[in-house]
Amino acid sequence: GAVVSQHPSRVICKSGTSVKIECRSLDFQATTMFWYRQFPKQSLMLMATSNEGSKATYEQGVEKDKFLINHASLTLSTLTVTSAHPEDSSFYICSARVSGAGGYWDTQYFGPGTRLTVL
Amino acid sequence: AQSVTQLGSHVSVSEGALVLLRCNYSSSVPPYLFWYVQYPNQGLQLLLKYTTGATLVKGINGFEAEFKKSETSFHLTKPSAHMSDAAEYFCAVSADTGRRALTFGSGTRLQVQP
């Protein structure tokens, strides 16, 4: 099946530093990747849509200058949390979309998530 | 616009009993519907999906769901619960024909009692 990896799985950083999270599709090419954040005991909230070779599309309320997304290739997207603060502590999950033969049906496959703790 | 409502944030069943997790959706276009399972501190694993065709969809681990357009529902069932089924379950809808972004329900935590 389609496998998506994330690195690192856990990161602890000091307030004010930047953290980069990588999301890779290991055995397929993903034209689109999505970034979500999940607070404890809550559902996933879509942060942004990342398309290879173009600018990311951010959801309303998500600061694009704080959460930098780069989709450098069809198998790699990165999320950089700049000048992280304690309120950015969360579980960040990426997904990669597999396109069907006709491009009409598709499924998102999720990475294992990255637990970010900002001290 | 699209939305998902999962009735019941917590469901508890006995091992061997029927599992029923409810999901209702709202969509202005024909939806794609998904059920995902999440174990603690892990990402989401796809259980099953409905796109077109047969309305009764079978997934992994013995789960199935039925798309009922008239009821705008996509409830998840399993005839006999196992202890290993204890997890968080999310229903999701994709009705944005462009990005195919997912909108998730609030999740249902399934507990399985011995």
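Quick caveat: nothing in here was measured; it's all calculated off a predicted structure.

The rules behind the values
Residues numbered from 1 in each chain as written. Chains lettered and ligands numbered in written order. Predicted model: local features only at pLDDT ≥ 70, side-chain atom pairs only at ≥ 80, totals over all residues. Heavy atoms only, no water. Contact = heavy atoms within 4.5 Å. Buried area = accessible area lost by both parts, 1.4 Å probe. Salt bridge = Lys/Arg side-chain N within 4 Å of Asp/Glu carboxyl O. Polar contact = N/O pair within 3.5 Å; in protein donor to acceptor, adjacent residues only side chain to side chain. Helix = DSSP H or I, 4+ residues; strand = E, 2+ residues; numbered from the N terminus. Nonpolar A, V, L, I, M, F, W, Y, C, P; charged D, E, K, R; others polar. Disulfide = S-S within 2.5 Å. Buried < 20%, exposed > 50% of the residue type's maximum accessible area, 1.4 Å probe, protein only. Pairing = 2+ DSSP bridges.

### A closer look at the interface of chain B and chain A
Piece 1. Between chain B and chain A, the residue contacts involve 20 residues of the former and 21 residues of the latter.
Piece 2. Taken together, both faces of the contact between chain B and chain A bury some 1,700 Å²; the carbon and sulfur share is 51%.
Piece 3. Where chain B touches chain A, the interface holds zero salt bridges.
Piece 4. Here chain B is connected to chain A by four residue pairs in polar contact (both at pLDDT 80 or more).
Piece 5. When contributions to the side of chain B that touches chain A are tallied by element, the ones reaching two or more residues are β5 (32-38) and β6 (44-50) of chain B.
Piece 6. At four residues, the largest contribution of residues to the side of chain B that touches chain A is made by β5(B).
Piece 7. Counted by class, the side of chain B that touches chain A contains nine nonpolar, eight polar and three charged residues.

### What to know about the state of the cysteines
Piece 1. Evaluation of the coordinates by the stated rule reveals two disulfides over all chains.
Piece 2. The disulfide partner of A:Cys23 is A:Cys94, and the S-S distance across this bridge is 2.0 Å. When the S-S torsion is 80 degrees, as for the bridge of A:Cys23 with A:Cys94, the disulfide is right-handed. Pair noted here: A:Cys23 is in strand β3 (residues 19-25) and A:Cys94 is in strand β9 (residues 90-99), with a separation of 71 residues, a long-range link.
Piece 3. On the accessibility criterion, A:Cys94 (0% relative accessible area) is buried.
Piece 4. Linked covalently through their sulfurs, B:Cys23 and B:Cys91 form a disulfide whose S-S length is 2.0 Å. The chirality of the disulfide connecting B:Cys23 with B:Cys91 is left-handed, given an S-S dihedral of about -60 degrees. Residue B:Cys23 is located in the loop between β3 (19-21) and β4 (24-27), and its partner B:Cys91 is located in strand β10 (residues 87-94); the two are separated by 68 residues in the primary sequence. In this structure, B:Cys23 and B:Cys91 share a single accessibility class: buried.
Piece 5. Of all cysteine sulfurs, the one in A:Cys94 lies closest to A:Cys13, which takes part in no disulfide; the gap is 18 Å.
Piece 6. Note on A:Cys13: relative accessible area 10%, which makes it buried.

### A closer look at the pairing of β10(B)
All names here are of chain B.
Piece 1. Most of β10 is tucked away, with eight of its eight residues classed as buried.
Piece 2. Note: β5 against β10, seven bridges, orientation antiparallel. Bridge pairing links Trp 35 to Cys 91 in β10.
Piece 3. Pairing geometry for β10 and strand β12 (residues 108-113), over three bridges, is antiparallel. Within β12, the position partnered with Ala 87 by the bridge is Leu 110.
Piece 4. In this structure, β10 lies alongside strand β11 (residues 103-104), joined through two bridges in antiparallel fashion.

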